Amino acid sequence: IENFLLFLNSFFSNWGICIIFFAFIVKLLLYPISRAMFNSQNKVVALSAEIKPRLEDIKKRHDGEEAHFKTLDLYKELGISTNYAIYPALIALIQIPILISIFNVLGEMPQLSTQNFLWISDLAKPDMIADLPFYVPFLGNTINVLPFLMAIFIIMSGAISLEVNQSRSEQRIKKNKILLMSFIFFIIFYSFPSSMVL
């Protein structure tokens with residue numbers, strides 16, 4: 001990954017542009033995995049809509065062991081595992097070693113030290129634009145712009161991915177997940193080097 005970044009930078013001669021272009025290439029390479037995860041999530045949503053009323057019916061009509069066997073028969077009839085809902089998460093796990101490798105490289109490359117991009121004076125440090133007169137838990141006492149932009153882009157991309165044919169409750173659940181994810185990433189990445197947030 002480091003060699004590839006160095007190769008890209010030989011064309012751009014600007015580390016900020018190089019990192020953005022690199023992120024675009026990584027996104028393209030990981031697209032088949034993302035697409036498979038998206039399709040798997042859609043299947044889970046469709047199956048859940050089909051299974052839920054039938055499971056509720058089994059619970060009403062049967063108790064204990066009989067209900068358990070009826071539930072297993074239902075899954076067998078549909079040709080799915082009882083763990084069908086975790087498949088999207090398993091597909092997502094494939095990306096994690098790649099992303100960890102990228103973040104390790106971006107967090108430790110000595111070439112990024114003192115390199116500037118737009119308002120960022122040093123890509124190896126957070127993109128601090130001002131000091132705060134007080135300390136904020138988990139965030140520190142500086143104002144960093146990139147984490148705010150990152151959170152906004154997560155929310156925007158999540159809003160674009162919302163499906164019109166989903167019910168209001170499903171859309172609300174998805175919106176809440178997007179907001180939670182943007183908040184978690186904001187907190188985690190707030191004090192990270194600019195190169196990683198970028």
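Now for a look at the structure at hand. (Residues numbered from 1 in each chain as written. Predicted model: local features only at pLDDT ≥ 70, side-chain atom pairs only at ≥ 80, totals over all residues. Heavy atoms only, no water.)

### A word on the packing of helix α2 (residues 15-61) against helix α3 (residues 64-78)
Angle between the axes and distance between the axes are the two parameters that describe a pair of packed helices.
Here is step 1: Axis separation between α2 and α3 bottoms out at 10 Å; the angle between their running directions is 155 degrees. Taken as axis vectors, α2 and α3 run roughly antiparallel relative to one another. In the packing of α2 onto α3, the handedness of the crossing is right-handed. Contact residues: α2 offers Glu50, Ile51, Arg54, Leu55 and Ile58, while α3 offers Ala67, Lys70, Thr71, Leu74, Tyr75, Glu77 and Leu78. (Axes fitted to C-alpha atoms, helices over the stretch in contact; angles between N-to-C directions. Helix = DSSP H or I, 4+ residues; strand = E, 2+ residues; numbered from the N terminus. Parallel < 35°, antiparallel > 145°, perpendicular 65-115°, else oblique. Left-handed = near helix turned anticlockwise from the far one by under 90°. Contact = heavy atoms within 4.5 Å.)

### Regarding the nonpolar core
Here is step 1: Residues Leu5, Trp15, Phe22, Leu106, Met109, Leu112 and Leu123 are the most contacted members of the largest nonpolar core, which totals 24 residues.
Here is step 2: Only α1 (2-12), α2, α5 (96-108), α6 (145-161) and α8 (194-197) provide two or more residues apiece to this core.
Here is step 3: No other element matches the 8 residues that α2 contributes to this core.
Here is step 4: Each residue touching Leu5, except ones within four places of it in the same chain, is listed here: Trp15, Cys18, Phe22, Val105, Leu106 and Met109.
Here is step 5: Within the second largest apolar cluster, 8 residues are counted, among which are Ile51, Ala67, Tyr75 and Tyr84. (Core = buried A, V, L, I, M, F, W, Y, C linked by side-chain atoms within 4.5 Å. Buried < 20%, exposed > 50% of the residue type's maximum accessible area, 1.4 Å probe, protein only.)

### Considerations on the pairing of strand β2 (residues 140-144)
Here is step 1: Looking at chain direction, strand β1 (residues 128-136) and β2 are connected through 4 bridges and run antiparallel. The residue bridging Ala130 from the neighbouring strand is Ile143, located in β2.
Here is step 2: Counted between consecutive antiparallel strands, the loop separating β1 from β2 contains 3 residues, among which Phe138 sits at a positive phi close to 75 degrees. (Pairing = 2+ DSSP bridges.)

### Some words on the packing of aromatic side chains
Here is step 1: Counted by the stated rule, this structure contains 10 aromatic pairs.
Here is step 2: Pairing Phe12 with Phe21 gives two aromatic rings, centres 5.1 Å apart and planes at 55 degrees, and the pair type is tilted.
Here is step 3: For Phe21, a relative accessible area of 34% translates into the label partly exposed.
Here is step 4: Consider the rings of Phe103 and Phe189, whose centres lie 5.5 Å apart with planes at 65 degrees: the pair is edge-to-face. With Phe103 in helix α5 and Phe189 in helix α7 (residues 168-189), this pair connects stretches of sequence that are 86 residues apart.
Here is step 5: Judged by its relative accessible area of 7%, Phe189 is buried. (Phe/Tyr/Trp six-rings, centres within 6.5 Å; stacked < 30°, edge-to-face > 60°.)

### Remarks on unusual backbone geometry
Here is step 1: For Thr114, which is not glycine, the phi torsion reads 65 degrees and is therefore positive.
Here is step 2: Non-glycine residue Phe138 carries a positive phi angle of around 75 degrees.
Here is step 3: Locating Phe138 in the fold gives a position in the loop between β1 and β2.
Here is step 4: The exposure class assigned to Phe138 is exposed, which follows from its relative accessible area of 69%.

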